[in-house]
Amino acid sequence: MPKAYYLFLSFFLLSSIPVSGADNPSHGTREESLLNRVTINGFIRDAENGETLIGANVFLMGTDWGAVTNTSGYYVLRNIPAGTYTLRFSYMGYENHFEDISLGEGESLRLDIQLKPGGYTLQELVITSKREQEERQNIGRASISTELITSVPAVLQADVFRSIQLLPGVKAASDFSSGLYIRGGGPDQTLILLDRTTVYNPSHFFGLFSTFNPDAIKDVSLYKGAYPAMFGGRLGSVLDVHNKDGNRYRTGGTVSLGMLSSRAMIEGPYGGGSYMLAVRRSTMEPVLAALRASQDNIPDTFYFYDINAKVNVDHWENNLLSVAFYTGTDKVSFPFAEDANLGLFYGNRTLSINWTHLLSNHTFTNFTLTGSEYFNEPSFDLAGSTFERESTIRDLSFKADIEWIPSQSYEILGGIWGGHKVFELKDSFDENMGMEETITSTYMSTYIQQIWRPAIRWKFNTGLRASYYTNGDYFRLDPRISMEYFLTSETRLQAAFGRYHQFLSLLTSETISAFDMWLFTDDGVPPAYGDQYTAGIKNTSLTGYFLEVEAYYRNMRNLFEIDPFLSDAAGMEYADLFRFGKGYASGFEVLIQKNTGRLTGFIGYTWGLTRRNFEGFNDSRYYPPKYDRTHDLNWVSTYQMSSRWSFSAVFSYATGQAYTKPLGRTAIVNNPFDNNTPNMFTVGRVNAKRLPPYHRLDLSLSRKGTFFGIGEAEWQFQAINVYSRRNPWFYTYDFDYNPVRVSKAHMLPIIPTISYTVHF
């Protein structure tokens, strides 16, 4: 490693030594005895269902003291001078709550608060605490509300990933892919967590949308880059999803009927806590049965389903136990020709058991046992010959995290994550075994992270993560650091750096995700690694508006993937199956968001480029992957016409997809050793050409009402691709002679959809 790297580590370790925080000088000096200070802590919940609120704000009015709830809805105000105060509790979409308190020297107060939901789109939200501002928009982080997921127009049904793809820095490969391509990285470079459990293939319906049921979701947080030390294992980004705990006060639910699938969710209390159960299943079988009577090449079998369940035990004041479960499966049998059939059978299963314990009013712990499985069993039958594959990854792990807040200006977090992974791959052709691999690996990672506010305008977040994989005996260190400076009370400057390692790679198609296969590091296959550099500015000068500008650069080294030019992999050593490369990505993002009034929404723009390089491929030149988009623009808006009617619109524009153009064909003639005349095609530079620009407008009209007095109901009428833009997906060529482009495959035409949802 270079000397500069060791110098940085030395500086980092020195800066990690706890120091006395620069608490608000208006309430005393650093020398003031801590015995004269007080502590306020507790949980913040939704008043209607008891769900803990992640990222809710607590503000001590008249001061700059504040706190934000963690992923368990817990907050701490530490080392507050004794006195009389007014506390304000706030959360986007909820009514503010004010609490007057008076505390003597050395006292502590446990204060659990319930916030009532309110219509934030029609009210003005004024933020006066610097702590509230900084936690709402940390560098590279975005939070996606469930209201956005369910309200914006979506292809056939509401989807988490489709909503995330509207954010700056996040790109979509096509209308048919819900994969997340974030800041120049592929889908495998994003760590996806569901209730702290890794999900390896979160897609349904050939990748058209994600496995996350919007009825079951409580919170979605995206770390687009330079993410902190508490996360690891991916080069690019983190998507952290938490399911609902279940209504703690009454039994209720949701039923939704759609054109592609239907959903149902029930939640409620029981003697020791709460529960939630959500199911979703495709409803296309009647349509397919009718089509099979008049048309050929219609799937014989085509369905998917998923189930989310969660049970909480929370009758202890300082302990919370939860068990969360997910399973989802897709099955397809598609006779695409007279003597040809495609079979798909794939899915995910996850289980997490989480125990949250308060060691003290300023020390918070989480212990999680997780299990995750992804299986994929595609098959092809062609002219009596059968190809079958079985690919499975199983991951069993244990996590322990601790959060300690000794003062309002200093926090320290730490934890471990260890587990065991098993990867199995079997290929067979006409029942003759081909490639067969089983790889097991034990892994361990640990991290320490500190958040330090040495002055009222400054904030530093430093961290160090260490990772070890037994396969290959790989030990890696990843330093992370971010800093923020409040130029004014409305303007923040931010910068971050981090090193990241990835010990697995995804073999996938940018066209369809149903054949995804994960591969591990091993002897001769070292982990990929890269550095990320990010800088940004955030501004809230205009009431009700938010401006964010971020620039980024990242490099990628030791990228490993299956060599596509191998003629026969049977019998080869595992390390010989791979090729190794490098890459980089850079760009800048602009987000303008309006949060108040009848008209709300945002405009997001990204300028970016990403490149890859593999020795000996494309003359060893850098080339853009297919998902590279120079320009990407999304406009999302919602207009609340009345208490019942609302209108939403989404417009998207992007640079055309990259592709490789065939240029010609040559033939070897008069070969005395072979009667066959081989053909050789000449192609241009890899992905040097572009399809026409992509653009699309989607509209949605919603009407809320009641369902025979039983509960609230909502109709949604949507039109996808309103002006039926025929966006090209790929070109097809006639290769009988010199290649001639004969047609192009298109993405989605105009699609009207309708859905009906009842909440009871």
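Coordinates for the structure precede this section.
Overview of the structure. Remember, it's a predicted structure, so these values are computed and weren't measured experimentally.

## Structural notes on the pattern of salt bridges
Proximity of charged atoms lets side chains of opposite charge pair with each other.
Item 1. Here the structure, examined in full by the defined rule, presents 29 salt bridges.
Item 2. Aspartate 245 is paired through a salt bridge with lysine 310; the nearest N and O atoms lie 3.1 Å apart. Residue aspartate 245 is found in the loop between strand 17 (237-243) and strand 18 (252-257), and its partner lysine 310 is found in strand 21 (residues 301-313); the two are separated by 65 residues along the sequence. Like lysine 310, aspartate 245 is buried.
Item 3. By sharing partners, the salt bridges in this structure join Glu51, Asp195, Lys218, Asp245, Arg248, Lys310 and Asp314 into a single network.

## Regarding the pairing of strand 28 (residues 432-452)
If a strand is regular, its side chains alternate between the two faces of the sheet.
Item 1. As judged from the 19 bridges shared by strand 27 (residues 410-429) and strand 28, these two strands associate in the antiparallel manner. Along strand 28, the bridge assignment pairs lysine 426 with glutamate 436.
Item 2. Joining the antiparallel neighbours strand 27 and strand 28 is a turn of 2 residues, in which aspartate 430 adopts a positive phi near 50°.
Item 3. As paired strands, strand 28 and strand 29 (residues 458-469) are joined by 10 bridges and run antiparallel to one another. In the sheet register, serine 445 faces strand 29, and the bridge partner there is serine 467.

## Some points on the sheet that holds strand 5 (residues 83-90)
Pairing between the strands of a sheet comes from backbone hydrogen bonds, and it takes one of two forms, parallel or antiparallel.
Item 1. Pairing is antiparallel across the open sheet formed by 4 strands, whose spatial order is 3-2-5-6. Strand pairing shows two members of the sheet lacking a second neighbour, strand 3 (66-68) and strand 6 (97-103), which therefore form its edges. Direction aside, neighbouring strands of the sheet carry axes that sit 20° apart on average.

## Remarks on the packing of aromatic side chains
Item 1. By the definition in use, this model includes 33 aromatic pairs.
Item 2. Ring geometry for phenylalanine 617 versus tyrosine 623: centroids 5.4 Å apart, planes at 80°, classification edge-to-face.
Item 3. Residue class for phenylalanine 617 comes out buried when judged on its relative accessible area of 19%.
Item 4. Arranged with centres 5.9 Å apart and planes meeting at 10°, the rings of tryptophan 715 and phenylalanine 717 form a pair that is stacked.
Item 5. Judged by relative accessible area, which is 36%, phenylalanine 717 ranks as partly exposed.
Item 6. Three or more aromatic residues joined by ring pairs form one cluster here, namely Phe707, Phe708, Trp715, Phe717 and Tyr756.
Item 7. The side chain of lysine 421 reaches across the aromatic face of phenylalanine 520, ending 5.9 Å from its centre.
Item 8. One residue, arginine 579, lies across the ring of phenylalanine 614, its end atom 4.2 Å from the ring centre.

## Notes on the nonpolar core
Item 1. Grouped together as the largest cluster of nonpolar side chains are 28 residues, with contacts concentrated most on Ile164, Val220 and Leu239.
Item 2. Within the residue set of this core, elements represented by two or more residues are strand 9 (141-144), helix 3 (146-151), helix 4 (160-164), strand 12 (190-194), strand 16 (217-223) and strand 17.
Item 3. Apart from residues lying up to four places away in sequence, leucine 239 is in contact with Phe161, Ile164, Leu180, Thr190, Leu191, Ile192, Leu193, Val220, Ser221 and Leu222.

## Comments concerning a negative patch on the surface
Item 1. A contiguous patch of negative charge on the surface is contributed by Glu377, Asp381, Glu388, Glu390, Asp430 and Glu431.
Item 2. Structurally, aspartate 381 can be placed in strand 25 (residues 379-382).

## A look at the sheet that holds strand 12
Item 1. Sheet architecture is open: 5 strands sit in the order 9-16-17-12-13, paired in mixed fashion. Each of the sheet's edge strands pairs with one partner strand only, and the pair in question is strand 9 and strand 13 (197-198).
Item 2. Two elements, strand 9 and strand 16, share 4 bridges in a ladder whose sense is antiparallel. What sits directly across from arginine 141, in strand 16, is tyrosine 223.

## Focus on the side chain of arginine 554
Item 1. You can see arginine 554 is positioned in strand 35 (residues 545-562).
Item 2. With no salt bridge to any partner, buried arginine 554 finds its closest opposite charge in aspartate 188, at an N-O distance of 8.3 Å.
Item 3. Polar side-chain contacts of arginine 554 include one of 2.6 Å to the side chain of glutamine 189.
Item 4. Reaching out from arginine 554, the side chain makes a polar contact with the backbone oxygen of leucine 235 at a distance of 3.5 Å.
Item 5. Discounting residues that sit within four places of it in the chain, arginine 554 has contacts with Ile182, Arg183, Gly184, Gly185, Gln189, Leu235, Gly236, Asp531, Gln532, Tyr584 and Ala585.

## Structural notes on empty space enclosed by the protein
Item 1. Taken as a whole and assessed by the stated rule, the structure comprises 7 cavities of 30 Å³ or more.
Item 2. Reported here for the largest cavity is a volume of approximately 480 Å³.
Item 3. As for the largest cavity, its lining consists of 36 residues, and the residues nearest its centre are Gln165, Ala172, Asp175, Ser652 and Tyr694.
Item 4. Elements that contribute at least two residues to the lining of the largest cavity include exactly helix 4, strand 10 (170-171), strand 38 (631-640), strand 39 (645-654) and strand 44 (694-707).
Item 5. A total of 4 residues in the lining of the largest cavity trace back to one element, the largest contributor, which is strand 39.
Item 6. Each residue belonging to the lining of the largest cavity can be placed in one class, and the counts come to 19 nonpolar, 9 polar and 8 charged.

Rules behind the numbers
Residues numbered from 1 in each chain as written. Predicted model: local features only at pLDDT ≥ 70, side-chain atom pairs only at ≥ 80, totals over all residues. Heavy atoms only, no water. Salt bridge = Lys/Arg side-chain N within 4 Å of Asp/Glu carboxyl O. Helix = DSSP H or I, 4+ residues; strand = E, 2+ residues; numbered from the N terminus. Buried < 20%, exposed > 50% of the residue type's maximum accessible area, 1.4 Å probe, protein only. Pairing = 2+ DSSP bridges. Axes fitted to C-alpha atoms, helices over the stretch in contact; angles between N-to-C directions. Phe/Tyr/Trp six-rings, centres within 6.5 Å; stacked < 30°, edge-to-face > 60°. Lys NZ or Arg CZ within 6 Å of the ring centre and 35° of its normal. Core = buried A, V, L, I, M, F, W, Y, C linked by side-chain atoms within 4.5 Å. Contact = heavy atoms within 4.5 Å. Patch = residues over 30% accessible without salt bridge, like charges linked within 9 Å, V, L, I, M, F, W, Y side chains within 5 Å. Areas by Shrake-Rupley, 256 points an atom, 1.4 Å probe, with all protein chains shown as cover. Lys, Arg positive; Asp, Glu negative; His and termini not counted. Charge placed at Lys NZ, Arg CZ, Asp CG, Glu CD. Polar contact = N/O pair within 3.5 Å; in protein donor to acceptor, adjacent residues only side chain to side chain. 1 Å grid on protein atoms, 1.4 Å probe; cavity = no way out; pocket = protein on both sides within 12 Å on 5 of 7 lines; lining within 4 Å. Points joined across faces, edges and corners; volume = space filled by probe spheres on them. Nonpolar A, V, L, I, M, F, W, Y, C, P; charged D, E, K, R; others polar.

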